[in-house]
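Topology and contacts: notes
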Amino acid sequence: MTANTCTTGNDTCTAEYVFDSPSHAGRAQLGHLQTLLDPVTTGFLADVGVWPGMRCLDLGSGNGSIAGWLSDRVGPAGEVIAVDLETDQLDVPPQVEVHRHDIRDGLPVAGGFDLIHARLVLMHLSEREQVLAELIDALAPGGWLVLGETPTPPQEALAAPSADDAALADRVIAAGTRAVQAAGVSPSWAYEVEHHFAGAGLTGIRGSVHAPMITGGDAGALLMSTYVAQVTPLLLAEGLSEDEIARYHALMQDPRFRAWPFLQLVTTAGRKPLEEGQR
Ligand SMILES: C[S@@+](CC[C@H](N)C(=O)[O-])C[C@H]1O[C@@H](n2cnc3c(N)ncnc32)[C@H](O)[C@@H]1O
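Residues numbered from 1 in each chain as written. Predicted model: local features only at pLDDT ≥ 70, side-chain atom pairs only at ≥ 80, totals over all residues. Heavy atoms only, no water.

**Let's talk about the site of the ligand**
The following threshold applies: When we say a residue is near a molecule or strand, we mean one of its heavy atoms is within 4 Å of it. Polar contacts, as used here, are pairs of N or O atoms within 3.5 Å; protein pairs need one atom able to donate a hydrogen and one able to accept it. Residues neighboring in sequence count only if both atoms are side-chain atoms. For the accessible areas, the method is Shrake-Rupley and the probe is 1.4 Å, while residue cover comes only from the protein chains on display. The way it works is that DSSP assigns letters per residue, a run of H or I at least four long becomes a helix, a run of E at least two long becomes a strand, and they are numbered from the N terminus. The residue classification treats Ala, Val, Leu, Ile, Met, Phe, Trp, Tyr, Cys and Pro as nonpolar and Asp, Glu, Lys and Arg as charged. All others, Gly included, are polar.
Around the ligand, the structure places 18 residues, and the nearest of them are Gly60, Asp84, Asp102, Ile103 and Arg119. Asp84 places a polar side-chain atom, nitrogen or oxygen, 2.5 Å from an oxygen atom of the ligand. Residue Ile103 places a main-chain N or O atom 2.9 Å away from a nitrogen atom belonging to the ligand. Starting from 590 Å² of accessible surface for the ligand in isolation, the protein chains cover 98%. The greatest single-element share of the shell around the ligand, amounting to 3 residues, is contributed by helix H1 (residues 24-48). Partitioning the shell around the ligand into residue classes produces 8 nonpolar, 6 polar and 4 charged.

**Thoughts on the side chain of Ser186**
For clarity, the threshold we go by: We call two residues contacting when some pair of their heavy atoms lies within 4.5 Å.
Residue placement: Ser186 occurs in the loop between helix H4 (163-182) and helix H5 (189-199). Ignoring anything within four residues of it in the chain, the contact list for Ser186 reads Met123, Arg128, Thr150 and Thr152.

**Section: empty space enclosed by the protein**
Put simply, the rule reads: Here a cavity denotes a set of grid points, spaced 1 Å apart and computed over the protein atoms alone, in which a 1.4 Å probe fits but from which it cannot get out, and a pocket denotes an open set meeting protein on both sides within 12 Å along at least five of seven lines; residues with an atom within 4 Å of a point are reported as lining. Grid points are joined across faces, edges and corners, and a volume is the space filled by probe spheres set on the points.
Under the definition given, this model contains 1 cavity of 30 Å³ or more. A volume near 30 Å³ is recorded for the largest cavity. Around the largest cavity, the lining residues are Leu36, Pro212, Ile214, Gly220, Leu223 and Leu263. Across the lining of the largest cavity, the residue classes break down as 5 nonpolar, 1 polar and no charged.

**Quick notes on the packing of helix H6 (residues 219-230) against helix H8 (residues 242-251)**
What counts here: What counts as an axis is a line fitted to C-alpha atoms, over the stretch in contact for a helix, and the angles between N-to-C directions run from 0 to 180 degrees. For classification, angles of less than 35 degrees are called roughly parallel, those exceeding 145 degrees roughly antiparallel, those between 65 and 115 degrees roughly perpendicular, and all remaining angles oblique. Each crossing is labelled by how the near helix is turned from the far one, with a counterclockwise turn of less than a right angle marking it left-handed and a clockwise turn marking it right-handed.
As a packed pair, H6 and H8 sit with axes 9 Å apart at the nearest point and diverge in direction by 160°. What the angle tells us is that H6 and H8 run roughly antiparallel. Here the hand of the crossing between H6 and H8 comes out left-handed. For the pair H6 and H8, contact is made by Met224, Ser225, Val228 and Ala229 and by Ile245, Tyr248 and His249, respectively.

**Quick look at the packing of H4 against H8**
Contact geometry for H4 and H8: axes closest at 10 Å, N-to-C directions at 105°. In terms of orientation, H4 and H8 fall into the roughly perpendicular class. Side by side, H4 and H8 meet where Asp165, Leu168, Ala169, Arg171, Val172 and Ile173 of the first sit next to Glu244, Arg247, Tyr248 and Leu251 of the second. Of the residues contributing to the contact of H4 with H8, the split by class is 6 nonpolar, no polar and 4 charged.

**Description of the pattern of salt bridges**
Rules: Here, a salt bridge means any Lys or Arg side-chain nitrogen found within 4 Å of an Asp or Glu carboxyl oxygen. Using a 1.4 Å probe on the protein chains alone, a residue whose accessible area is under 20% of its type maximum counts as buried, one over 50% counts as exposed, and one in between counts as partly exposed.
For the structure on display, the rule yields 9 salt bridges. Here Arg100 ties to Glu86 by a salt bridge, and the two come within 3.9 Å at their closest N and O atoms. Here the residue Arg100 occupies a position in strand E4 (residues 97-100), and Glu86 occupies one in the loop between strand E3 (79-84) and E4, the gap between them amounting to 14 residues. We note a salt bridge from Asp165 to Arg247, for which the minimum N-O separation is 2.7 Å. Of this pair, Asp165 sits in helix H4 while Arg247 is found in helix H8, placing the two residues 82 residues apart along the sequence. Overall, the relative accessible area of 9% leaves Asp165 in the buried class. The class of Arg247 is partly exposed, set by a relative accessible area of 31%.

What follows is the structure, encoded as structure tokens:
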């Protein structure tokens, strides 16, 4: 068991985050994100440079896969802190320090980080600019901030068992997109991060975009099902029926379904300037 500190100011750590990470669908979502995105994120982080002894923060850790990877890299001389609203689904090595905490209440630990990483977190927060400023403040001189975010491109089914199925898939995604945006998810933040990094004086800014096609039955399609399962009440309120939602889940298992691209991971990194005399 890892230490689990709730420091949100009320003892339930609740917030309006649109998904439910400890639920069955929420855990499955985090597993599919790990499968789809960890190779991209760890490759990017390795390029930025993660070394033994570094002090790292992983914000909105989900199931903790990236916190665990960082912990392997920084070794016993380093430190990894994982922060999330919910921590029941977090599975990290014991040396990772876990904080159950709402980042909108500020950081639960002192700053001075060599690396701060957050994937698919700030895009969910209406206070994202304030949180970004706090994360930059919490960097040590020379420390890197790495944010992975997804924009919301329109999705059109490329192939489906029938034209009605393709139209249904497009309707579900359009309704889901409206619903999560109403809940505060930004459709454009992913591509705005670079501008904010530059404005804050971060240096060495770099980035990448990863956009896999989804095919029924693969991790991308199953991920879509987990999203829909978690926002079903919102989709019903948008006018979709239970039968249509059930058909959507079946389509996401059907290898005749393809769509291109839904999940784009836009990763941006920037470095806090070094202090004079530092290398
Ligand atoms: C879409 S998941 C991404 C999880 C993980 N970073 C990944 O990419 O696999 C977003 C995560 O951010 C956490 N989160 C959302 N709002 C938060 C907040 N205000 N403070 C801390 N964590 C938050 C959620 O609980 C969830 O684990």
